[in-house]
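Overview (structure and organization)
Next come the chains, spelled out residue by residue.
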Amino acid sequence: MREKILISACLLGQPVRYNGKAKTLHHALLDQWQTEGRVVSVCPELKGGFSVPRLPAEIGAAQTGEAVLAGDAKVVALDGEDVTALFIKGAQIALDVAKANHCRFALLIDGSPSCGSAFIYDGSFGNQKHVGNGVTAALLRQNGIEVFADHQIELLQKRLLS
């Protein structure tokens, strides 16, 4: 049986992002994986209880998902509301979905306070990026699931073949 891959729902064309849009990834490998029945779709933010659309949120003070999970940082919406609990809940549900489907790999949208794995935004809402994981990416990695950003799809394919 071929390995299943946890994939951000927005990459699959689902309009689940904060602004009500998708961020569809058009790639032959993704098409192949869908045809093979290997794709497991998840949106941690919707699973956590957010609606669409919603205010954008960022991890504050240039912190990371690891700091959020450790209780040392918060995820804050544009209006200042602390939405940390919803992000942690969504991350836990995404992990549960990955485990239930025996996913050892995830392909997540970069930049998101949930799914970012190469970069996230710094909490200033000024379009400033920094290296780091979102809450879901951090939790998946802490539990042995290899996380790849959307722009690393070829690297994921190499891992699947190794």
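Residues numbered from 1 in each chain as written. Predicted model: local features only at pLDDT ≥ 70, side-chain atom pairs only at ≥ 80, totals over all residues. Heavy atoms only, no water.

1. Quick look at the pattern of salt bridges
To keep things clear, this is the line we draw: Salt bridges are defined by distance alone: a side-chain nitrogen of Lys or Arg within 4 Å of a carboxyl oxygen of Asp or Glu. Numbering of helices and strands runs from the N terminus; a helix is a DSSP stretch of H or I covering at least four residues, while a strand is a stretch of E covering at least two.
Summed over the entire model, instances satisfying the criterion amount to six salt bridges. Linking E36 and R2 is a salt bridge whose minimum nitrogen-to-oxygen distance equals 3.3 Å. Separated by 34 residues along the polypeptide, E36 in the loop between helix 1 (28–35) and strand 2 (39–42) and R2 in the segment before strand 1 (5–8) bring together distant segments of the chain. Linked by salt bridges that have partners in common, R2, E36 and R38 make up one network.

2. What to know about the layout of surface pockets
We apply this condition: Here a cavity is any set of points on a 1 Å grid over the protein atoms alone where a 1.4 Å probe fits but cannot get out, and a pocket is any open set with protein on both sides within 12 Å along at least 5 of 7 lines; a residue lines the site when it has an atom within 4 Å of a point. Grid points are joined across faces, edges and corners, and a volume is the space filled by probe spheres set on the points. All amino acids are sorted into three groups, where Ala, Val, Leu, Ile, Met, Phe, Trp, Tyr, Cys and Pro are nonpolar, Asp, Glu, Lys and Arg are charged, and the leftover types, Gly among them, are polar.
Computed from the structure, the largest pocket encloses a volume of approximately 610 Å³. If you go around the largest pocket, you meet 33 residues; those closest to its centre are R17, Y18, G111, S112 and P113. When the residues that make up the lining of the largest pocket are grouped by side-chain class, the tally is 20 nonpolar, six polar and seven charged.

3. Some remarks on the packing of aromatic side chains
The line we're drawing: The pairing test for Phe, Tyr and Trp rings, Trp by its six-membered ring, is centres within 6.5 Å, and the orientation test on the planes gives stacked under 30 degrees, edge-to-face over 60, and tilted for anything in between. Each residue's exposure class comes from its accessible area (1.4 Å probe, protein chains only) as a fraction of the maximum for that residue type: buried when under 20%, exposed when over 50%, partly exposed otherwise. Geometrically, a lysine NZ or arginine CZ counts as sitting over a ring once it is within 6 Å of the ring centre and also within 35 degrees of the ring normal.
With the rule as written, the count across this model stands at three aromatic pairs. Between the aromatic rings of F105 and F148, the centroid separation amounts to 6.5 Å while the plane-to-plane angle is 40 degrees, which identifies the pairing as tilted. Taken together, the residues span a long stretch of sequence, with F105 in strand 5 (residues 105–108) and F148 in strand 8 (residues 146–149) at a distance of 43 residues. Residue classification places F105 among the buried positions, given a relative accessible area of 1%. Judged by centre distance (5.9 Å) and plane angle (85 degrees), the ring pair of F119 and Y121 falls under edge-to-face. Taking the relative accessible area as the measure of exposure, Y121 reaches 24% and is therefore partly exposed. One residue, K129, lies across the ring of F119, its end atom 4.6 Å from the ring centre.

What is shown is where atoms sit, not what they do.
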